[in-house]
Amino acid sequence: DFARLGGLQEAAELLAAKSDWPRLYDRERLRNTKVPVAAAMYYDDMYVERRFSEETAELLGPRCRVWVTNEFQHSGIRDDGRRVLDTLIRMARDEVGIPS
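What this report covers is the structure whose coordinates are included nearby. Everything quoted here is computed from the prediction, not taken from an experiment.

1. Thoughts on the nonpolar core
Argument step 1. Core analysis: the biggest nonpolar cluster contains six residues, these being Tyr 42, Trp 67, Phe 72, Val 84, Leu 88 and Met 91.
Argument step 2. Here this core gets three residues from one element, more than from any other, and that element is helix α4 (residues 76-92).
Argument step 3. Those residues in contact with Trp 67 that lie beyond four places of it in its chain are Ala 39, Ala 40, Met 41, Phe 72, Arg 83, Val 84, Thr 87, Leu 88, Met 91, Ile 98 and Pro 99.
Argument step 4. Listed in part, the five residues of the second largest apolar core include Met 41, Ala 57, Cys 64 and Val 66.

Take a look at the structure:
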C-alpha cells in the first residue's frame, strides 16, 4: 500500500539528493572470484535493473552461475524460498545446471 509511504517523502528526497555515498563493495576483490557463486536474477525485477545484475555477474567471472527467471519478481525468497534457495545451493555446488 503506497499510501503508507507518504510520510517518508521528505526522508526519501534527502536520501536521493545525497551524493557522497561510500562504495558499496570493492570491485577488485570481487573480480573473478575463486568462490563459487549462484544468483537468481529476476528478469522483470521492479527494484533492480537487470543491467546492474548482469554487470555484477560478469564482474564475478566464470564462477558465478546465474539463474535468470521471470517466474518471480523481487520476492522469490518470500514466494518460494525453499525452492529458490535449494536451486541456488545446488547450482553453487555444481549439482545441477542452470534452470531454464
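2. Focus on the pairing of strand β1 (residues 37-42)
Argument step 1. Sheet topology note: the β1/strand β2 (residues 64-69) ladder contains six bridges and is parallel. Among the inter-strand pairings, Val 37 is bridged to a residue of β2, identified as Cys 64.
Argument step 2. Chirality of the crossover, the property in question, places the unit of β1, helix α3 (residues 50-60) and β2 among those that are right-handed.

3. Quick notes on the side chain of Ser 75
Argument step 1. Inspection of the secondary structure puts Ser 75 in the loop between β2 and α4.
Argument step 2. A distance of 2.7 Å separates polar atoms of two side chains, one belonging to Ser 75 and the other to Asp 79.

4. A closer look at the pattern of salt bridges
Argument step 1. The tally for this structure, following the rule as stated, stands at eight salt bridges.
Argument step 2. Here Lys 18 and Asp 20 are joined by a salt bridge, their closest N and O atoms 2.7 Å apart.
Argument step 3. Look at Asp 20 and you get exposed, because its relative accessible area is 55%.
Argument step 4. In this structure, Glu 95 and Arg 90 form a salt bridge, with 3.9 Å as the shortest nitrogen-oxygen distance.

5. Comments concerning the layout of surface pockets
Argument step 1. Estimated volume of the largest pocket: approximately 280 Å³.
Argument step 2. If you go around the largest pocket, you meet 15 residues; those closest to its centre are Ala 39, Ala 40, Met 41, Val 48 and Ser 53.
Argument step 3. When the residues that make up the lining of the largest pocket are grouped by side-chain class, the tally is ten nonpolar, three polar and two charged.

6. Topic: the packing of aromatic side chains
The relation between two aromatic rings is expressed through the spacing of the ring centres and the mutual angle of the planes.
Argument step 1. Summed over all chains, the structure comprises two aromatic pairs.
Argument step 2. Where Tyr 42 meets Phe 72, the ring centres are 6.2 Å apart and the plane angle is 75 degrees; that geometry is what we call edge-to-face. With Tyr 42 in strand β1 and Phe 72 in the loop between β2 and α4, this residue pair connects regions lying 30 residues apart in the sequence.
Argument step 3. Tyr 42 gets classed as buried once you look at its relative accessible area, which sits at 11%.
Argument step 4. For the ring pair Trp 67 and Phe 72, a centre distance of 6.5 Å and an interplane angle of 90 degrees mean the geometry is edge-to-face.
Argument step 5. With a relative accessible area of 3%, Trp 67 lands in the buried category.
Argument step 6. Each member of the aromatic cluster is reached from another via a ring pair, and the members are Tyr 42, Trp 67 and Phe 72.
Argument step 7. Here the basic side chain of Lys 18 rests over the ring of Trp 21, its NZ or CZ set 5.1 Å away from the ring centre.

What counts and how
Residues numbered from 1 in each chain as written. Predicted model: local features only at pLDDT ≥ 70, side-chain atom pairs only at ≥ 80, totals over all residues. Heavy atoms only, no water. Core = buried A, V, L, I, M, F, W, Y, C linked by side-chain atoms within 4.5 Å. Buried < 20%, exposed > 50% of the residue type's maximum accessible area, 1.4 Å probe, protein only. Helix = DSSP H or I, 4+ residues; strand = E, 2+ residues; numbered from the N terminus. Contact = heavy atoms within 4.5 Å. Pairing = 2+ DSSP bridges. Right-handed = clockwise from strand over helix to strand, strands pointing away. Polar contact = N/O pair within 3.5 Å; in protein donor to acceptor, adjacent residues only side chain to side chain. Salt bridge = Lys/Arg side-chain N within 4 Å of Asp/Glu carboxyl O. 1 Å grid on protein atoms, 1.4 Å probe; cavity = no way out; pocket = protein on both sides within 12 Å on 5 of 7 lines; lining within 4 Å. Points joined across faces, edges and corners; volume = space filled by probe spheres on them. Nonpolar A, V, L, I, M, F, W, Y, C, P; charged D, E, K, R; others polar. Phe/Tyr/Trp six-rings, centres within 6.5 Å; stacked < 30°, edge-to-face > 60°. Lys NZ or Arg CZ within 6 Å of the ring centre and 35° of its normal.

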